[in-house]
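# What the coordinates show
What follows is the residue order along each chain.
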Amino acid sequence: MQRQYLIAGNWKMNTTSDEASDLLRQMVELGVQPNEHVDVLFCPPFLSISSAIQALSGSHIHVGAQDCSQHLHGAFTGEVSAESIRSIGCSHVLIGHSERRQYHGETDDSCNAKIHTAMDAGLAAVYCIGETAEEREQGRTADVLSQQLLAGLRDVQQTENLVIAYEPVWAIGQSAATPEQIREAHASIRTVLVERFGEARGAEVFILYGGSLNASNAREILSVENVAGGLIGGASLKPDAFSSIIATAKELTQA
Ligand code: PGA
């Protein structure tokens, strides 16, 4: 079967609204565009989403948010609802990025609530999981991933709107995991997904890798079994690097 990829950029707290549209115009000029095998997604900060959607109109590139509230609406000052994210034109939302777990008290339970809220609003949830350096040293990687998956996906029935991003915390903004580490982690995630959703549906869920994925290691990482794309931070803010990663993904689907 021909490979399919989702290449996603997580811009974190970078770009003003004007900077976002400039950057996306440069990306498009450099050939960043999806095809039938490679989907492209950018997740700018909330206030740059609208200008990103405008800059990308007609391009078929997806735009997503980096978080959403677990509540539908109401007295939650400062929060942003999944419904408003959907209604502005986003298709995806990141849930449980390790920076949110680390700095904003996200837990597997709050992620679970957010995944339900996001899916109910018609968004695809990109659920981020990954072990810390300490958990890896203690040999607990597979257990941690399994726990994050089972708790985060509690009572989740559908897989069409679900993407998993494996992001080892120690690799983010540092240096990427090795292909062997990625192969092992993705295989253990796949096993949990198959147990949880059954053979056919569990096999379909995209599992992205994230953590210092860049233009130089993209070919090696995207070739690893069970890797269906990347969640890319730093390199997604650099048009040359990001367009090169997209070109690599396209080449790999032709291989
Ligand atoms: P990085 O970030 O590519 O800069 O390591 C990835 C992420 O945090 O999603």
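None of the values given here were measured: they were computed from a predicted structure.

## Observations regarding the packing of aromatic side chains
In total, this model carries 3 aromatic pairs according to the counting rule given. Ring geometry for W11 versus F42: centroids 5.4 Å apart, planes at 55 degrees, classification tilted. Of the two residues, W11 sits in the loop between β1 (5-10) and α1 (17-29) while F42 sits in strand β2 (residues 38-43), which places them 31 residues apart along the sequence. Pair check on accessibility: W11 and F42 agree, each one buried. Ring pairing ties together the aromatic residues W11, F42 and F242, which thus form one cluster. Here R196 stacks its cationic end above the ring of F197, 4.6 Å away from the centre of that ring.

## Things to note about the site of the ligand
Every residue close to the ligand is listed here: N10, K12, H97, E167, I172, G173, G211, S212, L231, I232, G233 and G234. N10 places a side-chain nitrogen or oxygen 3.4 Å from an oxygen atom of the ligand. Partitioned by chemical class, the residues of the shell around the ligand number 3 nonpolar, 7 polar and 2 charged.

## Focus on the pattern of salt bridges
If you walk through the whole model with that rule in mind, you get 11 salt bridges. The shortest N-O distance in the salt bridge between K12 and E99 comes to 2.8 Å. Placement of K12 in the loop between β1 and α1 and of E99 in helix α4 (residues 98-103) is noted, with a sequence separation of 87 residues between them. Of the residues examined, K12 reaches a relative accessible area of 22% and is grouped as partly exposed.

## Regarding the sheet that holds strand β6 (residues 162-166)
Taken together, the 8 strands give a closed barrel; going around it, the order is β1-β2-β3-β4-β5-β6-β7-β8, and neighbouring strands pair in parallel fashion. Going from strand to strand, the sheet's axes swing by 25 degrees on average, the running direction of each strand aside. Where strand β3 (residues 62-65) meets strand β4 (residues 92-95), 2 bridges bridge the pair, whose relative direction is parallel. Its bridge partner lying in β4, A65 is registered against V93. On top of the sheet, helix α11 (residues 239-254) reaches β1, β2 and β8 (229-232); it is set at about 170 degrees to β1, its chief contact.

## Focus: the packing of helix α5 (residues 108-120) against helix α7 (residues 141-152)
It is at 8 Å that the axes of α5 and α7 come closest, and there the two elements cross at 45 degrees. With respect to α7, the element α5 is oriented oblique. The crossing of α5 and α7 is right-handed. Residues D108, N112 and I115 of α5 form the contact with α7, whose own contacting residues are Q147, Q148, A151 and G152. In the contact of α5 with α7, the residues fall into 2 nonpolar, 4 polar and 1 charged.

## Section: the pairing of β2
Burial analysis of β2 places 5 of its 6 residues in the buried class, the great majority of the element. For β1 and β2, the ladder comprises 6 bridges, and the chain directions are parallel. Bridge pairing in β2 links N10 to C43. As for the winding sense of the linkage, the β-α-β connection from β1 through α1 to β2 is right-handed. Taken together, the 2 bridges between β2 and β3 define a ladder with parallel strand orientation. The residue bridging L41 from the neighbouring strand is H62, located in β3. In this fold, the crossover linking β2 to β3 by way of helix α2 (residues 46-55) has right-handed handedness.

## A closer look at the side chain of S48
Mapped onto the fold, S48 is located in helix α2. Here the side chain of S48 touches T16 through a polar contact of 3.3 Å, landing on its backbone oxygen.

Calculation notes
- Residues numbered from 1 in each chain as written.
- Predicted model: local features only at pLDDT ≥ 70, side-chain atom pairs only at ≥ 80, totals over all residues.
- Heavy atoms only, no water.
- Phe/Tyr/Trp six-rings, centres within 6.5 Å; stacked < 30°, edge-to-face > 60°.
- Helix = DSSP H or I, 4+ residues; strand = E, 2+ residues; numbered from the N terminus.
- Buried < 20%, exposed > 50% of the residue type's maximum accessible area, 1.4 Å probe, protein only.
- Lys NZ or Arg CZ within 6 Å of the ring centre and 35° of its normal.
- Near = heavy atom within 4 Å.
- Polar contact = N/O pair within 3.5 Å; in protein donor to acceptor, adjacent residues only side chain to side chain.
- Nonpolar A, V, L, I, M, F, W, Y, C, P; charged D, E, K, R; others polar.
- Salt bridge = Lys/Arg side-chain N within 4 Å of Asp/Glu carboxyl O.
- Pairing = 2+ DSSP bridges.
- Axes fitted to C-alpha atoms, helices over the stretch in contact; angles between N-to-C directions.
- Contact = heavy atoms within 4.5 Å.
- Parallel < 35°, antiparallel > 145°, perpendicular 65-115°, else oblique.
- Left-handed = near helix turned anticlockwise from the far one by under 90°.
- Right-handed = clockwise from strand over helix to strand, strands pointing away.

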